[in-house]
Structures are given as C-alpha cells and as structure tokens.
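Notes for the structure review
Residues per chain are reported as follows:
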Amino acid sequence: MPGGPTLASCVPGGAHSPSEAAARYSSAWGSRSPVLQRSFSHQRRRLLQGIGAAAASSTFGARLLAQSAPIEVIIVGAGGAGLTAAKELLAAGINVLVLEARDRIGGRAFTDSSLGVAWDRGCSWLHASDVNPWVEIARKNNFALVADRFPRHIYEGSRRLGGRETAGLRAVRERIESELAEAGRRGLDIPAEAALIQATLADPWYPMAESGMTAWEGIEPANFSTLDSYRFLQEGEDLMIPRGYGTLLAHYARDVPVRLRTPVSRIRWTARGVTAETAAGPFNARIAIIALPSAVVAEGAVIFSPHLPAEILQAHHDLPLGLMNKVALRFRRNVFPSERTEFWLLRRDDGRGMEFLTRHWDSDVCIGFSAGRFARELEAAGEAATIDQALAELTTMLGGDLRRQFERGAATAWAADPWSRGSYSHCLPGRYGARELLTRPVGGRIVFAGEHTAQEAYGTLHGAHLSGLRAAGEARRLLLKTAA
C-alpha cells in the first residue's frame, strides 16, 4: 500500500472523522483481502511477457543514459518510487542514473501474461481512487479501469452461505472497525489486536475477520500498529486494470533509462558526493536516492559508508515487510458456476485459508491469495504445494472434477525474493513515526523513497509514486544547496 504524507504529527484523530475511520477499517479487508474486502459492502486493499520484452534488455527505455555528462543523481532501485523520481528529475533536465538489481523494472509491480491473461504478481488494485495519481495516469494513457464491485461469497464446505448466515461476520467486522477507529483517534500506538475487546476476540467469526486485517497489512493484527494503520488515507473505491498495474508502470516509465542487472553493494557518502559500488564498477554522483524496500536496507543488502545514523537504520527495522502471495491457476474450461468474476472464501474456524478471484477478466484463470504466517508457510513448502493447497480448497467448494480440469499454475514467493524480501510494509507497534523519519535527507546526500516512507498511502503503488515525487523534489533542493 504506500503514499506521500507527513508523519510528523501524532495528533489523535488526525484528518480522520469517525465515519472516515470506519470506512478506512472496513476497507482494511479490501483488495489485499479481496473476498472480505466487500464480502457484504467492503472496499480496500500484486512473466516478463506482461511488461514487454523491452524490460528484459540490458537497459530499460530507448537507450542507456549517456555517460558524457556528469551524473548528478544516482537512483538505486527501479520500482515505482525510483522510476517516478527519475522521470521527474529527467523532466527537469537533471542527469540521473538508475541502477536496478533485477533483469526487469517495476519492483513489486509486475504483470505476468504467461497463462494467457494479464495478472499482477504484485500490486493489483488502485486504492483510494479519489486521490490516487495513477488513476489520471491510466486514463491519459488509455488504460481501461474497472471498479472492483465483484460479488463476494463465503462457502461452508460446498454450500454457499446466504446473507443471514453471514450476519455474524458483518457484525464482528463492524465492532472491529469501531474499536480500531477509537484507538486510532486516541493516538494509541499499540498492537491492533490489543485495541479489541475480549468479546470481539472471542466471537466465532473473529478468525475470518482477522484474516482480512492480516491481508491488508501482510501480518497478523498482534504485530502492526493501530495508529499507523489508522493514518492511512482511503478516499474513493478501489479500481483494477485489465492490462495490469505492472504494465501501466512500465508504460509510464518507458522513456526512463535504467541499467539492469546492476545490484549496488555499497553506498559511500561524504560532504563532496556519493559513490555507488557495483560489480560493474563505481558510479559517482552528487546525490543518491535510495528507492529500495525497507527490508532490503534493514537486512544489510546495501552497506553504507559511513554507516547510516542509528535512528535511520532503526526506522527501516521498524517498518518490516509483511507478506501477501498469489497463485494463478489455469483450467481447461470454466469450472465455476458463473461466467462472471466473483470472489470466494471458504469458511474455516481458524481463518487460515486462501481467497479466490474466479474467472479473472472473463478467462479460465483463477487467482488465489494468502497472507501473513499462512503465506509464509505455503511459500516455504514450495510452488507445487501452494498450487495443491489452492486446488484442495477449491475442490472442497466445487467438487472433484475441478482437479481434472486443471491445466497449469504459477505462484509468487515475495519473501524469498532477495530484492524485495516481502510484499509491503507495516509499522511495528510502538514505532509510529518511523515513516516520517525516513522522509528526511541524510547528510545532505542521501534521500530515501518507497512505499514505506508514505504514511497516508503506505503499502501501495501510489504511495511509492508520491514518495518518488517527494524524493525528486528533495534531490533538486539539495543540488541547489550544494551548488551554492
């Protein structure tokens, strides 16, 4: 989810009215948790073929940036934040070099078409569409947008539950929204689970509602900050892109030159400038924008010399990445009772299970979603085990013929990806303010960008975009200051 705000204020209530808070927490079981998102009036919260062969070349865009002119800004990471910052700086006539470890651009925005239809391995939904800049970008570039108003259904075994039977889920979800909103208004930087009363936690529907919270943050509610989550700004319904969110990002950045397969091992920074060390040699510049996931920095994949200030490194540790994985299943024919796209969820007493988007863009592809500990266990078990788990849950709902119609599948593994190490950031309880801290430049030479720095839009591609705009503006300011 990420955005581009100011985390400096910790005023209880902030910009959120009680009604806005309720909508925000209702949306917490949104696109990242597609079935519970609006199972009964919900909104809210990702191969290469999908973004085109150009992204697999040694440089992205029409050319590699000419090295005749001195590099003014080095950007480490060609995800949404890094590409946005580069595009802004290039438009201002500033010479930049973008270094990307992968053999493609996009980071966690990555559209795959290998199953015959575009599906996003990473971010999929345009959240907060009233304030999301990607909505305007999509429309200006003739990318169709579809409102996520797909029907949501919950099954108990092979039986689809009716509205009366799921009234308990709606009721506990409303209580959770109210209790979390109250804690947020009070400025309580506590685990989300600790903000809930005992009666809510003991409700038999609570595990199902909890799985929705887990999907939004990528981690169970015992492990993320109520206040940080409360500060997310959700305005407008969620939208989806049939051609893929990753495809839109690649199109947006089509003219940004990127040096691929060039991981940075060390950033040296002094009063005179910065040096990015790579296997291809060192690259010098005046300013460095570090547009890497928080976990990559926290785990020391890039070394800083001298070391980052302790509070800056700690802030990266305070914003770990949760996990949302997907599995795409292609069938030989439509195995679902409807021709339209729907979201399905199998009721479980422990809440552990996948959520499914059927008939993805009217195709015979179904997408399954898993989050938190359950996603980590599946990822550790491997792709084949993940596919088998998805088929087992669908078979419970639909019957045995489903497996015979299965053709092939693919699963994501974001936790094991060395250049991501997870899906999207959450804030540890008691550590609210870490995002704002990372919006401040270090030593007049280093600027951080990424969804994890965007308080009001963290965990989203529009948050990454807004952070890229902020970082580009900060880099320009520092360039002027150091030139004076």
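Because the structure is predicted, anything quoted here is derived from the model rather than measured.

With respect to the packing of helix H5 (residues 167-185) against helix H7 (residues 206-217)
Angle between the axes and distance between the axes: these two values describe a pair of packed helices. Here H5 crosses H7 at 50°, and the two axes come no closer than 9 Å. Compared by their axis directions, H5 and H7 come out oblique. Seen from above, H5 lies across H7 with right-handed handedness. Residues Leu 169, Val 172, Ile 176 and Leu 180 of H5 touch H7, and the partners they reach there are Tyr 206, Met 208, Ala 209 and Met 213. Across the contact of H5 with H7, the residue classes tally to eight nonpolar, no polar and no charged.

What about the environment of Leu 99?
For Leu 99, the location among the structural elements is in strand E3 (residues 96-99). Relative accessible area serves as the criterion here: at 2%, Leu 99 is assigned to the buried category. Taking C-alpha positions, Leu 99 is 6.4 Å from Leu 260, a pair spaced 161 residues apart along the chain.

Concerning helix H12 (residues 372-381)
Of the positions making up H12, those classed as buried are Gly 372, Phe 374, Ala 375, Leu 378 and Glu 379. Viewed end-on, H12 has its buried residues packed into an arc of 145°, placing them on one side of the element. Away from its buried face by more than 90 degrees, H12 exposes Ala 380 and Ala 381. Structurally, H12 contributes buried residues whose contacts are with H7, strand E18 (324-331), strand E21 (365-371) and helix H13 (383-398).

Details of the packing of aromatic side chains
Within the structure shown, the criterion is met by 13 aromatic pairs. With a centroid separation of 5.9 Å and an interplanar angle of 50°, the aromatic rings of Trp 125 and Phe 369 are classed as tilted. Note that Trp 125 is positioned in strand E6 (residues 125-126) and Phe 369 in strand E21, a separation of 244 residues in sequence. Phe 369 shares its class with Trp 125; the two are buried. On the basis of an interplanar angle of 90° and a centroid distance of 5.4 Å, the ring pair of Phe 336 and Trp 344 is categorised as edge-to-face.

Quick look at the side chain of Asp 189
Residue placement: Asp 189 occurs in the loop between H5 and helix H6 (198-202). No salt bridge is formed by the buried Asp 189. Its closest oppositely charged neighbour is Arg 431, at 7.0 Å. Reaching out from Asp 189, the side chain makes a polar contact with the side chain of Ser 225 at a distance of 2.6 Å. Only 2.8 Å separates the side chain of Asp 189 from the backbone nitrogen of Tyr 432, close enough to count as a polar contact. With sequence-adjacent residues up to four places away left out, Asp 189 is seen in contact with Ser 225, Leu 227, Leu 428, Pro 429, Gly 430, Arg 431 and Tyr 432.

Considerations on the packing of helix H4 (residues 133-140) against helix H16 (residues 461-483)
Relative to each other, H4 and H16 sit at 95°, their axes nearing to 9 Å. Relative to H16, H4 is oriented roughly perpendicular. Taken together, the residues of H16 that come into contact with H4 (itself represented by Pro 133, Trp 134 and Ile 137) are Leu 461, His 462, His 465 and Leu 466. In terms of residue class, the contact of H4 with H16 is built from five nonpolar, two polar and no charged.

Remarks on the environment of Thr 278
Considering the arrangement of structural elements, one finds Thr 278 in strand E13 (residues 273-278). On the accessibility criterion, Thr 278 (12% relative accessible area) is buried. Residues Thr 278 and Thr 262, spaced 16 residues apart in sequence, show a C-alpha to C-alpha distance of 6.5 Å. Beyond its immediate chain neighbours, meaning those up to four positions away, Thr 278 contacts Leu 99, Thr 262, Pro 263, Val 264, Ser 265 and Phe 283. Among the polar contacts listed, one links the side chain of Thr 278 to the backbone oxygen of Gly 281, at a separation of 2.7 Å.

What about the pairing of strand E12 (residues 264-270)?
Here six bridges tie E12 to E13, and the two strands are oriented antiparallel to one another. Paired with Arg 268 across the two strands is Thr 275, which belongs to E13. Here E12 folds back onto E13 in antiparallel fashion, the turn holding two residues.

Some details on the confidence of the model for the chain
In this model, the chain carries a mean pLDDT of 88, and residues with pLDDT of at least 70 account for 86%. Low pLDDT (under 50) marks residues 1-31, which in the prediction has 130 contacts with non-local residues, meaning those over four places away or in another chain. A low-confidence stretch, residues 34-67 stays under pLDDT 50, and its non-local contacts, those more than four residues away or across chains, total 162 contacts.

Rules of the game
Residues numbered from 1 in each chain as written. Predicted model: local features only at pLDDT ≥ 70, side-chain atom pairs only at ≥ 80, totals over all residues. Heavy atoms only, no water. Axes fitted to C-alpha atoms, helices over the stretch in contact; angles between N-to-C directions. Helix = DSSP H or I, 4+ residues; strand = E, 2+ residues; numbered from the N terminus. Parallel < 35°, antiparallel > 145°, perpendicular 65-115°, else oblique. Left-handed = near helix turned anticlockwise from the far one by under 90°. Contact = heavy atoms within 4.5 Å. Nonpolar A, V, L, I, M, F, W, Y, C, P; charged D, E, K, R; others polar. Buried < 20%, exposed > 50% of the residue type's maximum accessible area, 1.4 Å probe, protein only. Arc of directions from axis to C-beta. Phe/Tyr/Trp six-rings, centres within 6.5 Å; stacked < 30°, edge-to-face > 60°. Lys, Arg positive; Asp, Glu negative; His and termini not counted. Salt bridge = Lys/Arg side-chain N within 4 Å of Asp/Glu carboxyl O. Polar contact = N/O pair within 3.5 Å; in protein donor to acceptor, adjacent residues only side chain to side chain. Pairing = 2+ DSSP bridges. pLDDT = per-residue confidence, 0-100.

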